[in-house]
Amino acid sequence: MSSFKTLLNMLLVTLGLMAAGGAQAEMTIEIVGGGANRHAIAIAPFKDEANAQGGLGPVIKNDLTISGAFRMVDAAGVANVPFEPADIRYPLWQAAGAQSVAIGKVEAAGGGQLKISFRLMDVAQKKQLTGGEFTVTPDRTRQVAHAIADMIYEAITGQKGFFNTRIVYVLKTGGSYLLQVADVDGGRAQTILRSREPIISPSWSPDGGRIAYVSFESKKPVVWVQSLATGQRFAAANFKGSNSAPAWSPDGSKLAVVLTTSGNSQIYVINANGGGSRRLMYNGGIDTEPTWSPDGGSLYFVSDRAGGPQIYRVSADGGNAQRVTWEGRYNVSPKVSPDGKTLSYIRREGGNFRVMAQDLATNDSRALSDGGYNERPSFAPNGRMVLYASDAGGKSVLYAATTDGNSKVKLAVINGDVQDPAWGPFNRP
């Protein structure tokens, strides 16, 4: 059996062992590399923060740490607890090494609601960089913390924040497989499907309202589409043979899937509602793992047509494919950044499977992960980070790395292995 067919088996079966237990898995953030140029920020305790369920400061700190762009300054070491800009003793924060400080307070707003206000202040210039007020029920304070982190991230980096987005992954505990959706930091994890059979390849719809995935519950791989709002689902691809590797078109109207109705694995395009099917290419090799370009004009995919697994690009209308990866003998699992400029994928080097980022204009590539086994890279919706699964200490955990390769953090999942992650889109207004 060729190494690529081994890959295919791994995608259709072994990756199905990507799931893990714990109905409400928790994550802890651990910085594992880089960050010499991080922005030094202090998150001062919010006034009456205890009234906010789950707190605010810890969530904001975890979010900013995940991004790789910030270094936390310990506010407990500063003899000043400000709740308003006028309360800030700037020399103390400057002496602590803080370039900016976030302050805020939680107040009762009537009707059982809370008003949460915050300000981000530049320590050197003593001026406000951003701020806002939110009136919410106590159970929505975690979303407010993510929103505050987004505002801080954008004020400092100039890029849109991604902390109010979600991730999907598969967990395994014992003989159970759980498809879970969670906040980026692992909070509010919800199980949307539990099965005794493998679940693999979850993929977000562009509007964030649906998940396509592969389930083996009928003793063969079938592509399902499930609504997150209602939990209702339907079999989008249940053709003869294997149905796998769903990928949404950017407009959400179609799915690229891999079918074996003609023998070898080949890429087809079907309607997202399950109707119709169109084969994209005709060749004697194995084509798999399709992913769309952001403009919907082409698809990237993996093929062994040159003898080993490499990444190719083909028009969404079909036709001749062009090879994209030339370095390395084994390149799989492509994903394209939201701006269409960067390709992330897995390259095998010796016995290691590394997450790579390749500039599609120059073809220059760089490694985002260390050695060992890493898989299934997925871009943040702003394109600044890549989420992937990695084997650490005999367990599969999630990592998030900046696309420049300078920083990464480990999102340690408690109570089980986590694999096959996918980062969701920006939340719609």
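Numbers given to residues run from 1 along each chain, matching the order in which its sequence is written. Local features are withheld for residues below a pLDDT of 70 in this predicted model, meaning they are given only at 70 or higher, and side-chain atom pairs are given and counted only at 80 or more; totals for whole chains, interfaces and linings count all residues. Hydrogens are left out, water is left out, and the side-chain values use all remaining heavy atoms of the structure.

Looking at an unreviewed UniProt entry, one finds the protein chain named Tol-Pal system protein TolB and attributed to Chromobacterium fluminis. UniProt positions are given in the numbering used here, feature names are shortened, and annotations may be inferred rather than shown by experiment. On record in UniProt, under Subunit (unreviewed entry), the comment for the protein chain is "The Tol-Pal system is composed of five core proteins: the inner membrane proteins TolA, TolQ and TolR, the periplasmic protein TolB and the outer membrane protein Pal. They form a network linking the inner and outer membranes and the peptidoglycan layer."

### Focus on the overall build of the protein chain
Secondary structure elements are defined from DSSP: runs of H or I of at least 4 residues count as helices, runs of E of at least 2 residues count as strands, and each element is numbered from the N terminus. Assigned secondary structure in the protein chain consists of four helices and 30 strands. The dimensions of the protein chain, computed from C-alpha atoms along their principal axes, are 70 × 45 × 40 Å. Expressed as a percentage of the 429 residues in the protein chain, the buried residues total 55%. Two residues form a contact once any of their heavy atoms are found within 4.5 Å. A fraction of 47% describes how many contacts in the protein chain between residues 6 or more apart in sequence connect residues 24 or more apart. Accessible surface computed for the protein chain: about 17300 Å², of which carbon and sulfur atoms make up 46%. His is not counted, nor are the chain ends; Lys and Arg add positive charge and Asp and Glu add negative charge. By convention, charge coordinates are those of NZ in Lys, CZ in Arg, CG in Asp, or CD in Glu. Across the protein chain, the centroid of the 43 positively charged side chains sits 4 Å from that of the 36 negatively charged ones. Under the scheme applied here, a residue whose accessible area is under 20% of the maximum for its type counts as buried, over 50% as exposed, and between as partly exposed, the area being computed with a 1.4 Å probe on protein chains only. For accessible areas, the Shrake-Rupley method is used with a probe of radius 1.4 Å. Any residue's cover is judged against the shown protein chains and nothing else.

### Overview of the nonpolar core
Grouped together as the largest cluster of nonpolar side chains are 44 residues, with contacts concentrated most on Ile60, Leu64, Ile148 and Ile152. A total of seven residues in this core trace back to one element, the largest contributor, which is helix H4 (residues 141-157). If sequence neighbours within four positions are ignored, Ile148 has contacts with Phe46, Ile60, Ile116, Phe118 and Phe134. Judged by nonpolar contacts, the second largest core, of 22 residues, contains Tyr345, Leu360, Val386 and Tyr399. Here, the term nonpolar core denotes a set of buried Ala, Val, Leu, Ile, Met, Phe, Trp, Tyr and Cys residues that are joined through side-chain atoms within 4.5 Å.

### Overview of the sheet that holds strand S22 (residues 331-336)
Here four strands make up an open sheet; going across it, the order is S22-S23-S24-S25 and the pairing antiparallel. Both edges of this open sheet fall to S22 and strand S25 (365-367), since each of them pairs with a single strand only. The average angle at which neighbouring strand axes cross in this sheet is 25 degrees, direction not considered. Any two strands with at least two DSSP bridges between them are considered paired. Axes here refer to lines fitted to C-alpha atoms; in helices the fit is confined to the stretch in contact. Angles between the N-to-C directions go from 0 to 180 degrees.

### Some points on the pairing of S22
Counted residue by residue, S22 has five buried out of six residues, so it is predominantly covered. The pairing of S22 with strand S23 (residues 342-349) spans four bridges and is classified as antiparallel. When the sheet's bridge partners are listed, Lys335 is paired in S23 with Ser344.

### Side note on helix H2 (residues 57-67)
With eight of eleven residues buried, H2 lies mostly within the body of the structure. Gly57, Val59, Ile60, Asp63, Leu64, Thr65, Ile66 and Ser67 are the residues of H2 that are buried. Gly68 occupies a position one or two residues after H2 and carries a positive phi of about 75 degrees.

### Some words on the pairing of strand S7 (residues 166-173)
One ladder, built from three bridges, connects S7 with strand S8 (residues 176-183); its direction is antiparallel. Pairing of Thr173 across the sheet is with Ser176, part of S8. Here S7 folds back onto S8, and the loop between the two strands holds two residues, one of which, Gly174, carries a positive phi near 60 degrees. The sheet contact formed by S7 and strand S30 (residues 417-423) spans five bridges and is antiparallel. Counted as the bridge partner of Lys172 is Asp417 from S30.

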